[in-house]
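Residues per chain, in single letters:
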Amino acid sequence: MEPRDTVVDMACGTGLNFALIEAGLGPEGLLIGLDYSPGMLSKARRKIERSGWRNVRLVQGDAGMISE
Ligand SMILES: C[S@@+](CC[C@H](N)C(=O)[O-])C[C@H]1O[C@@H](n2cnc3c(N)ncnc32)[C@H](O)[C@@H]1O
């Protein structure tokens, strides 16, 4: 992982991995968290707000439905 990369955390849940990813990515990268649970995503959203991350986008969706 390089600064300014784009990383997708599939089935990100509450965003447990976000801090680790952010440490490697830096503020100029983009982190996309995908999960199909609205409840998990709202917890992830609170974590993003608490942490002040401005380069994280959350997507509600089914990872199994992603095709090339
Ligand atoms: C055990 S949690 C792990 C979450 C996170 N990666 C972590 O390390 O804390 C599994 C997560 O996968 C999500 N999930 C399971 N199947 C999924 C799918 N097909 N598409 C998107 N999210 C899915 C669940 O909603 C749940 O938030």
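Look above for the structure.
Residues numbered from 1 in each chain as written. Predicted model: local features only at pLDDT ≥ 70, side-chain atom pairs only at ≥ 80, totals over all residues. Heavy atoms only, no water.

A. Spotlight on the pattern of salt bridges. What the rule picks out here adds up to one salt bridge. Measuring nitrogen to oxygen at the nearest pair gives 2.9 Å for the salt bridge that ties glutamate 28 to arginine 4. One end of the pair, glutamate 28, is in the loop between helix H1 (18-25) and strand S2 (30-35); the other, arginine 4, is in the segment before strand S1 (6-10), and 24 residues separate them in sequence. Neither residue differs from the other here; glutamate 28 and arginine 4 are each classed as exposed. (Salt bridge = Lys/Arg side-chain N within 4 Å of Asp/Glu carboxyl O. Helix = DSSP H or I, 4+ residues; strand = E, 2+ residues; numbered from the N terminus. Buried < 20%, exposed > 50% of the residue type's maximum accessible area, 1.4 Å probe, protein only.)

B. Broad picture of the environment of isoleucine 66. For isoleucine 66, the location among the structural elements is in the segment after strand S3 (56-60). Between the alpha carbons of isoleucine 66 and glutamate 2 there is a distance of 24 Å; along the sequence they are 64 residues apart. Residue contacts for isoleucine 66: discarding those within four places in its chain leaves Met10 and Leu34. (Contact = heavy atoms within 4.5 Å.)

C. Representation of the nonpolar core. If you look at the biggest cluster of nonpolar residues, it comprises ten residues: Val7, Cys12, Phe18, Ile21, Leu25, Leu31, Leu41, Ala44, Ile48 and Val56. For this core, the elements supplying multiple residues, two or more each, are H1 and helix H2 (38-51). Setting aside its immediate chain neighbours within four residues, phenylalanine 18 contacts Asp9, Cys12, Leu31, Gly33, Ala44, Ile48, Trp53, Val56 and Leu58. (Core = buried A, V, L, I, M, F, W, Y, C linked by side-chain atoms within 4.5 Å.)

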